[in-house]
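# Architecture at a glance
Here is what each chain is made of, one letter per residue.
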Amino acid sequence: MIGEVAKDFGLYTKITGGQRIDLFGARMEQLPAIWKRLVDAGFESGHAYGKSLRTVKSCVGSTWCRYGVQDSTSMAIGLELRYRGLRSPHKLKLGVSGCARECAEARGKDAGIIATENGWNLYVGGNGGFTPRHAVLLAEDLDDETLVRTIDRFFMYYIRTADRLQRTAAWLQEIEGGLDHVRAVIMDDSLGIVADLDEAMAVHVAAYRDEWGDVLDDPEKLARFTSFVNAPEAGDDSLAYVMERGQRRPATAQERAAAARGEAVLIGGTTLEVRS
Ligand code: SF4
């Protein structure tokens, strides 16, 4: 279905490093039609840009890997379903590896889970980007339930106390007492707040709704998806593209200038062919 939508709307498509599928180049007013196709096929909204859960990367784990000691894929799916839609001070990424070989690069994530013979090790505060950081060990050999409860509390404590746009790595560095303090709060209840953190996460999990579906069901929200508020039927004809590797991408300023001199051919704008 993703491939068909990409073909029908002429979207540039790429598998991301985080196991997601990018679809680039949709115009604002095309989004509801695209979401409807995907929602009808059983997909739901993720968050590519939001300060919220992004991705839970996983390796194949014990299901197919001879080194795997736990089912990392099932754990990753469970965590993604639990934290989907969770808004936070910055993006949140998770990784789950089925053994210490770490194929999911979990220690580069805000919460990195690595399987052991006895359960799961939980690492926190990793990220890539401008200032790469390895996550640090928070707790060892947790069973499934304790692992999930510990991540719940870690995320909720972070969400409640971090500055806006502060990722978990910077938060861990800034917070008084650092990792030891965070461990004491969420594992030993040193501040007497874990019941509150657990409740907050339970509310999030129970209140989750697919945001694409919400827009499609709400005429007021749906009406916002236009390129021009004063001409809702019009597309943006200033958009221009060129073909690259068989897919279209935005034309650069030089390519637009070359087209104006008659030296190159652009495609795009509202005249781009779209299959219905
Ligand atoms: S991390 Fe371990 S279990 Fe997962 S794919 Fe790599 S070697 Fe296999």
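Keep in mind that this is a model prediction, so the values were computed, not measured.

## Points about the side chain of Gln70
Positionally, Gln70 belongs in the loop between strand S3 (53-58) and helix H3 (72-83). For Gln70, a relative accessible area of 19% corresponds to the buried category. In this structure Gln70 touches Gly61, Ser62, Gly98, Ala115, Thr116, Glu117, Asn118, Gly119 and Trp120, once residues within four positions along its chain are discounted.

## Topic: the site of the ligand
By nearness alone, every residue bordering the ligand is listed as Cys59, Gly61, Cys65, Tyr67, Gly68, Gly98, Cys99, Arg101, Glu102 and Cys103. Counted by class, the shell around the ligand contains five nonpolar, three polar and two charged residues.

## Here's the deal with the UniProt feature "domain: Nitrite/sulphite reductase 4Fe-4S" (unreviewed entry) in the protein
This chain's UniProt record puts "domain: Nitrite/sulphite reductase 4Fe-4S" (unreviewed entry) on residues 50-187. Counting secondary structure, residues 50-187 comes out at 34% helix and 22% strand; the distance between its end C-alpha atoms is 29 Å.

## A look at the packing of helix H4 (residues 144-161) against helix H6 (residues 178-187)
Relative orientation of the contacting elements H4 and H6 amounts to 120°, with a least axis distance of 9 Å. By the angle class used here, H4 and H6 are oblique. Remark: the crossing between H4 and H6 carries right-handed chirality. Together, Thr150, Arg153, Phe154 and Tyr157 of H4 and His181, Val182, Val185, Ile186 and Met187 of H6 make up the contact between the two elements. Taken together, the residues of the contact of H4 with H6 break down into six nonpolar, two polar and one charged.

## What to know about the pairing of strand S5 (residues 111-116)
Along a regular strand, successive side chains alternate from one face of the sheet to the other. The buried fraction of S5 is high, at six of six residues. Because side chains alternate across S5, one face comprises the buried residues Ala111, Ile113 and Ala115, and the other comprises Gly112, Ile114 and Thr116, equally buried. Sheet analysis places strand S4 (residues 92-97) next to S5, joined by four bridges and oriented parallel. For Leu94, the partnering residue across the bridge sits in S5 and is Ala111. Across six bridges, the pairing between S5 and strand S6 (residues 119-124) is antiparallel. In the sheet register, Ile113 faces S6, and the bridge partner there is Leu122.

## A word on the pairing of S6
Of all six residues in S6, six are buried; the element is thus mostly enclosed. Hairpin connection between S5 and S6: a loop of two residues separates the two successive antiparallel strands. Across four bridges, S6 lies against strand S7 (residues 136-142) in antiparallel orientation. Directly across from Leu122, in S7, lies its bridge partner Ala139.

Cut-offs and rules
Residues numbered from 1 in each chain as written. Predicted model: local features only at pLDDT ≥ 70, side-chain atom pairs only at ≥ 80, totals over all residues. Heavy atoms only, no water. Helix = DSSP H or I, 4+ residues; strand = E, 2+ residues; numbered from the N terminus. Buried < 20%, exposed > 50% of the residue type's maximum accessible area, 1.4 Å probe, protein only. Contact = heavy atoms within 4.5 Å. Near = heavy atom within 4 Å. Nonpolar A, V, L, I, M, F, W, Y, C, P; charged D, E, K, R; others polar. UniProt positions renumbered as here; feature names shortened; annotations may be inferred. Axes fitted to C-alpha atoms, helices over the stretch in contact; angles between N-to-C directions. Parallel < 35°, antiparallel > 145°, perpendicular 65-115°, else oblique. Left-handed = near helix turned anticlockwise from the far one by under 90°. Pairing = 2+ DSSP bridges.

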